[in-house]
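Notes for the structure review
Here are the chains, one letter per residue:
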Amino acid sequence: MSCHLKPITREEHLRFVTARPSVSHLQVPAWGDVKPQWRAESLGWFDEGGELVGAGLVLLRPLPRLKRYLAYLPEGPVIDWSAANLERWLEPMLAYLRGRGAFTVRMGPPVVARRWSADAVKAAIADPGARRLGDVEATVREPGADDVAERLRRMGWRRTEAGGGEEGFAAGQPRHVCQVRLAGRSLEQIRSGFNQQWRRNIKKAEKAGVKVVRGDREDLSVFYELYVETAERDRFVPRPLDYFRRMWTALTAEDPDRMRLYLAHHDGEVLAAATMLTVGDHVWYSYGASTDRRREVQPGNALQWRMMCDAHELGAAVYDFRGITDTLDEDNHLLGLLRFKVGAGGEAVEYLGEWDYPLNKVLHRALALYMSRR
């Protein structure tokens with residue numbers, strides 16, 4: 001099949017996304033409004049009959065003082081990645097973006113490569129000979145993923161080095177995530193999949209009287225106070241409050257249920273808060289925040305359990321905890337977060353990662369050098 005690519009309207013893009021069971025929240029049209037430093041475009045792939053068969057949100061970030069762009073499709077595009085003629089999907093995209101002045105195209109194929117069950121991750125953490133998840137046998141190796149990676153290499157794509165966030169040119173999404181399967185399971189079955197610590201903590205929160213409620217846009221300031229405290233404690237640079245307000249406005253305008261805010265209350269004080277995103281049957285825990293005060297009442301576990309219950313009520317197939325570390329080193333402070341997420345019965349999931357195609361090798365190398373010195 002040959003594909004014709006051209007820009008599409010937001011309405012066309014949203015209809016395409018809505019018709020699919022699962023698309024990344026980074027590939028909905030409204031996500032472009034969340035990233036004002038980037039110029040967003042919706043691209044569509046059409047078959048010989050003129051039917052829209054693929055779509056992608058591309059973000060264009062200009063180089064300082066030059067009309068050249070890094071073109072970025074986070075966790076996209078949404079095309080048939082199993083197609084034998086993958087080149088016929090990607091070559092029109094490269095040609096179009098070259099014409100738009102892109103010097104590098106970066107994308108994140110939504111293709112799962114490997115999965116490790118919660119028990120497999122627990123055993124790997126306990127194994128002194130295992131330093132990374134990749135050192136231990138995966139529970140499942142997804143068929144076709146290695147073939148997609150090899151075809152990308154033959155086309156000239158190169159896997160992006162890990163690291164970075166989304167600010168400036170440091171575009172990047174996690175290659176490893178933790179997901180809890182909800183489809184076909186009752187709430188009792190989901191809860192029974194938690195480890196003993198999780199079940200104990202949920203009971204503690206219930207006994208202590210922790211109440212989890214949904215918030216609205218006005219409550220983002222309460223969330224933000226906890227978020228800044230979390231950033232200071234965990235040593236990361238917080239996003240500004242306007243970022244979360246922009247997220248709320250843009251995403252809920254596209255779909256009232258696209259973004260939710262949850263607050264865990266105890267004795268009149270909010271102890272933890274989190275945002276939840278939904279596209280189709282996929283739900284993501286997006287941002288979390290908490291205080292060190294009264295941690296013994298376990299507001300974090302109560303918060304996550306309420307979000308999972310609501311995701312289940314929405315008919316979600318997956319509750320996605322998002323990024324995890326692939327290191328199993330006890331000295332790595334992120335290992336505790338891995339234990340927490342996997343403790344909810346989640347499996348570790350490895351995607352193919354992000355890939356770069358240098359359209360201008362000189363500017364691409366300059367970008368790589370700039371990023372290495374940040």
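Here, every reference points to the structure presented above.
Residues numbered from 1 in each chain as written. Predicted model: local features only at pLDDT ≥ 70, side-chain atom pairs only at ≥ 80, totals over all residues. Heavy atoms only, no water.

1. Focus on the overall build of the protein
- Within the protein, the regular secondary structure consists of 12 helices and 16 strands.
- By the compact-globule yardstick of 21 Å for 374 residues, the protein fits well, its C-alpha radius of gyration being 21 Å.
- For the protein, the spread of C-alpha atoms along the three principal axes comes to 60 × 50 × 45 Å.
- Counting every position in the protein, which comprises 374 residues, the buried fraction comes to 54%.
- When the accessible area of the protein is evaluated, it comes to approximately 17,300 Å², of which 50% is carbon and sulfur surface.
- In the protein, the 55 positive side-chain charges and the 51 negative ones have mean positions that sit 3 Å from each other. (Helix = DSSP H or I, 4+ residues; strand = E, 2+ residues; numbered from the N terminus. Rg over C-alpha atoms; globule rule 2.2 N^0.38 Å. Buried < 20%, exposed > 50% of the residue type's maximum accessible area, 1.4 Å probe, protein only. Areas by Shrake-Rupley, 256 points an atom, 1.4 Å probe, with all protein chains shown as cover. Lys, Arg positive; Asp, Glu negative; His and termini not counted. Charge placed at Lys NZ, Arg CZ, Asp CG, Glu CD.)

2. Description of the packing of helix H3 (residues 86–99) against helix H5 (residues 145–155)
- Close contact between H3 and H5 brings their axes to 11 Å; oriented N to C, the two are set at 45 degrees. By the angle class used here, H3 and H5 are oblique. Remark: the crossing between H3 and H5 carries right-handed chirality. Counted together, Leu-86, Glu-87, Leu-90 and Glu-91 of H3 and Val-148, Arg-151, Leu-152 and Met-155 of H5 form the full contact between these two elements.
- When its residues are assigned to classes, the contact of H3 with H5 shows five nonpolar, no polar and three charged. (Axes fitted to C-alpha atoms, helices over the stretch in contact; angles between N-to-C directions. Parallel < 35°, antiparallel > 145°, perpendicular 65-115°, else oblique. Left-handed = near helix turned anticlockwise from the far one by under 90°. Contact = heavy atoms within 4.5 Å. Nonpolar A, V, L, I, M, F, W, Y, C, P; charged D, E, K, R; others polar.)

3. Thoughts on the sheet that holds strand S13 (residues 282–290)
- The strand order across the open sheet built from nine strands is S7-S6-S15-S9-S14-S13-S12-S11-S10, with neighbouring strands paired in mixed fashion. Each edge of the sheet is formed by a strand with only one pairing partner; in this case those strands are strand S7 (140–141) and strand S10 (211–215).
- Bridge analysis of strand S9 (residues 176–181) against strand S14 (residues 318–323) gives five bridges, and the strand direction is antiparallel. Note on S14: the bridge partner recorded for Arg-181 is Val-318.
- Each of S10, strand S11 (259–266), strand S12 (269–279) and S13 is contacted by helix H9 (residues 241–254), which is oriented at about 125 degrees to S11, the strand it contacts most. (Pairing = 2+ DSSP bridges.)

4. Points about the state of the cysteines
- In the structure shown here, the tally under the stated rule is zero disulfides.
- Left without a disulfide partner, Cys-309 is nearest to the cysteine sulfur of Cys-178, which lies 17 Å away.
- Note on Cys-309: relative accessible area 17%, which makes it buried. (Disulfide = S-S within 2.5 Å.)

5. Side note on the packing of aromatic side chains
- In the structure shown here, the tally under the stated rule is 17 aromatic pairs.
- Seen in terms of ring centroids, Phe-223 and Phe-244 are 5.1 Å apart; in terms of plane orientation they differ by 75 degrees. Their pairing is edge-to-face. Linking Phe-223 in helix H8 (residues 220–234) with Phe-244 in helix H9, this pair joins segments that are 21 residues apart in sequence. Each member of the pair, Phe-223 together with Phe-244, is buried.
- When the centroid spacing of 5.2 Å and the interplanar angle of 85 degrees are considered together, the rings of Tyr-319 and Phe-321 count as edge-to-face.
- A relative accessible area of 1% means that Phe-321 is categorised as buried.
- Following the ring pairs from residue to residue traces out a cluster consisting of Phe-223, Tyr-224, Tyr-227, Phe-236, Tyr-243, Phe-244 and Tyr-287.
- The positively charged end of Lys-6 is found above the aromatic ring belonging to Phe-46, 4.9 Å away from the centroid.
- The ring of Phe-16 has Arg-20 sitting right over it, with the charged end atom 3.6 Å from the ring centre. (Phe/Tyr/Trp six-rings, centres within 6.5 Å; stacked < 30°, edge-to-face > 60°. Lys NZ or Arg CZ within 6 Å of the ring centre and 35° of its normal.)

6. Structural notes on H9
- Taking 1.5 Å per residue, 14 residues should reach 20 Å; H9 reaches 20 Å between its end C-alpha atoms and fits that length.
- Considered for burial, the residues of H9 that qualify are Leu-241, Tyr-243, Phe-244, Met-247, Trp-248, Ala-250, Leu-251, Thr-252 and Glu-254. (Expected span 1.5 Å × (residues − 1).)

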